[in-house]
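What follows is the residue order along each chain.
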Amino acid sequence: MPVQFSERAQLPAAPATVFGVLVDPEFLRARARRSQAVDHTEAVTAEGDVTVVSSSRTVRTDVLPAAAARFLGTTAVVEQVERWEPATADGGRRGRLTLTVRSAPVELVATTVLAPDGAGTQHTLEGSLTVRVPLLGAQVERAALPGLLQLIRSEVDLAREWSSR
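Throughout what follows, the structure given in this document is the object of discussion. Not measured: the values here are computed from a predicted model.

**What about the pattern of salt bridges?**
- The tally for this structure, following the rule as stated, stands at 10 salt bridges.
- Where Glu126 meets Arg8, a salt bridge forms, and the shortest distance between an N and an O atom there is 3.2 Å. Highlighted residues: Glu126 in strand β7 (residues 120–131) and Arg8 in strand β1 (residues 3–11), separated in sequence by 118 residues.
- Arg8 sits in the exposed class, given a relative accessible area of 53%.
- One salt bridge in this structure joins Arg160 and Asp157, with 2.7 Å as the shortest N-O distance. With a gap of three residues between them, Arg160 and Asp157 both fall in helix α4 (residues 137–163), about one helical turn apart.

Quick look at the structure:
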């Protein structure tokens, strides 16, 4: 059974500025460094009017819960795809985030919303984490979710810093 989550954060700039940060290749490289990736690639492309941000990060598994690390080995390749729709009339954006771990039955799927909020942006992320491991999936989901949420919070903190520049 997937584990549901919801995260909200306030950023100090308008949605257009925050979006500009989130698709900036320099920001994406900084995001990979912050996650202590030992290797990483990033790409920002367009599919019609949808902006696609793709990244692949090789991370050490010794920072993961033991239940998760046991299935992955010493490193894991985390692939992240964000598909951003065009801006709405008020400047907000909606995106879909998919995060998978290569060669592991792990998938995080979420909707991201950048909504105007005064002079800033309300960043909302709502989704679910699924680990498809018979009998142990729910245990691994519960063990892995706090670490994944901490990674997301760290990325939002970095976006907040970059949006304040």
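**Some thoughts on the nonpolar core**
- In this structure, Phe5, Leu22, Phe27, Val101, Leu108 and Leu129 are the most contacted members of the largest nonpolar core, which totals 40 residues.
- A per-element tally of this core places α4 first, with nine residues.

**What about the packing of aromatic side chains?**
- One pass over the structure, following the stated rule, counts two aromatic pairs.
- Pairing Phe19 with Trp84 gives two aromatic rings, centres 5.7 Å apart and planes at 75 degrees, and the pair type is edge-to-face. One end of the pair, Phe19, is in helix α1 (residues 15–22); the other, Trp84, is in strand β4 (residues 75–84), and 65 residues separate them in sequence.
- For Phe19, a relative accessible area of 8% corresponds to the buried category.
- For Trp84, a relative accessible area of 1% puts it in the buried group.
- Plain terms: the ring middles of Phe27 and Trp162 are 5.6 Å apart, the flat faces sit at 80 degrees to each other, and that makes the pair edge-to-face. Linking Phe27 in helix α2 (residues 25–34) with Trp162 in helix α4, this pair joins segments that are 135 residues apart in sequence. The same class applies to Phe27 and to Trp162, which are both buried.
- Above the face of the Trp162 ring, Arg165 is positioned so that its terminal group lies 4.0 Å from the ring centre.

Rules of the game
- Starting from 1, residues in each chain are numbered consecutively following that chain's sequence as written.
- The model is predicted, so local features are restricted to residues of pLDDT at least 70 and side-chain atom pairs to those at 80 or more, both for listing and for counting; the totals for chains, interfaces and linings are taken over all residues.
- Heavy atoms from the whole structure form the basis of all side-chain values; hydrogens and water molecules are not counted.
- We define a salt bridge as a contact between a side-chain nitrogen of Lys or Arg and a carboxyl oxygen of Asp or Glu at a distance within 4 Å.
- Helix numbering and strand numbering both begin at the N terminus, where a helix is a DSSP run of H or I of at least 4 residues and a strand a DSSP run of E of at least 2.
- We call a residue buried when its accessible area falls under 20% of the maximum for its residue type, exposed when it is over 50%, and partly exposed in between, using a 1.4 Å probe and counting protein chains only.
- Residues grouped as a nonpolar core are buried Ala, Val, Leu, Ile, Met, Phe, Trp, Tyr and Cys residues, joined through side-chain atoms within 4.5 Å.
- Put simply, two rings from Phe, Tyr or Trp (the six-membered ring, in Trp's case) pair if the centres are within 6.5 Å, and we call them stacked under 30 degrees between planes, edge-to-face over 60, tilted for the rest.
- Lysine NZ or arginine CZ positioned within 6 Å of the ring centre and within 35 degrees of the ring normal marks a charge as sitting over the ring.

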